[in-house]
Amino acid sequence: MSGTQLTVTLSGGGADDARAVVRALEGTFGAPDELPADGNATVHTATFDGERQTGADGGGAASGRLSAPVTVTVQGSPEAVRRASDTLSRAFTARDDGTASGDQEQERELLLEP
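Participant: Give me the nonpolar core: which residues, what numbers.
Facilitator: Among the nonpolar cores identified, the biggest contains 24 residues, and Leu-6, Val-72 and Leu-88 are the most heavily contacted of them. Put simply, the parts of the chain that give this core at least two residues each are strand E1 (6–11), helix H1 (15–29), strand E2 (43–48), strand E3 (70–76), helix H2 (78–91) and strand E5 (106–113). Sorting elements by how many residues they give to this core places H1 first, with seven residues. Apart from the residues lying within four places of it in its own chain, the contact partners of Leu-6 are Phe-29, Ala-46, Thr-47, Phe-48, Val-74, Gln-75, Gly-76, Ala-80, Val-81 and Ala-84.

Participant: Lay out the sheet that holds E5 in plain terms, naming residues and giving numbers.
Facilitator: Read across the sheet, five strands follow the order E2-E1-E3-E5-E4 without closing on themselves; strand pairing throughout is antiparallel. A strand with exactly one partner marks an edge of an open sheet, and here the two such strands are E2 and strand E4 (93–101). The sheet shows a mean angle of 20° between the axes of neighbouring strands, direction not considered. Taken together, the six bridges between E1 and E2 define a ladder with antiparallel strand orientation. Following the sheet pairing, Thr-9 is matched in E2 by Thr-45. In the packing of H1 onto the sheet, the strands contacted are E1, E2, E3 and E5, and the crossing angle to E2 comes to about 15°. Across the sheet, H2 is in contact with E1, E3, E4 and E5; its angle to E3 comes to roughly 155°.

Participant: Quick rundown of the pattern of salt bridges? Include the residues and the values.
Facilitator: Per the stated rule, a full pass over the model turns up five salt bridges. Residues Asp-97 and Arg-95 are paired through a salt bridge, measuring 2.7 Å at the closest nitrogen-oxygen approach. In this structure, the salt-bridge partner of Asp-96 is Arg-108, at a minimum N-O distance of 3.5 Å. One end of the pair, Asp-96, is in strand E4; the other, Arg-108, is in strand E5, with 12 residues separating them in the sequence. The class for Arg-108 is buried, based on a relative accessible area of 17%.

Rules of the game
- Residues numbered from 1 in each chain as written.
- Predicted model: local features only at pLDDT ≥ 70, side-chain atom pairs only at ≥ 80, totals over all residues.
- Heavy atoms only, no water.
- Core = buried A, V, L, I, M, F, W, Y, C linked by side-chain atoms within 4.5 Å.
- Buried < 20%, exposed > 50% of the residue type's maximum accessible area, 1.4 Å probe, protein only.
- Helix = DSSP H or I, 4+ residues; strand = E, 2+ residues; numbered from the N terminus.
- Contact = heavy atoms within 4.5 Å.
- Pairing = 2+ DSSP bridges.
- Axes fitted to C-alpha atoms, helices over the stretch in contact; angles between N-to-C directions.
- Salt bridge = Lys/Arg side-chain N within 4 Å of Asp/Glu carboxyl O.

Structure representation (structure tokens):
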């Protein structure tokens, strides 16, 4: 996993909520592999492979509102996870539900509330 690759797993809410969360991260990480689309899915995943080249952590401004609480797990390098957590905390009401660190990766779970 590169220093800017980030995997995001979302549960709770619907596809619109998952898309709102992913869009909030686009300002920091660029476009994901694809936007969550399946309205019947209970878990959505997006992968960000790059870093937005603006030089600023500018995500979250146009993220939208959530219709229900969404549990988000972000996984990647410690720096990518920190930046994703900061971005989501600015865009939504967020509760940090814990971090697990590996040898070169970190995972953090956040609960985002409407």
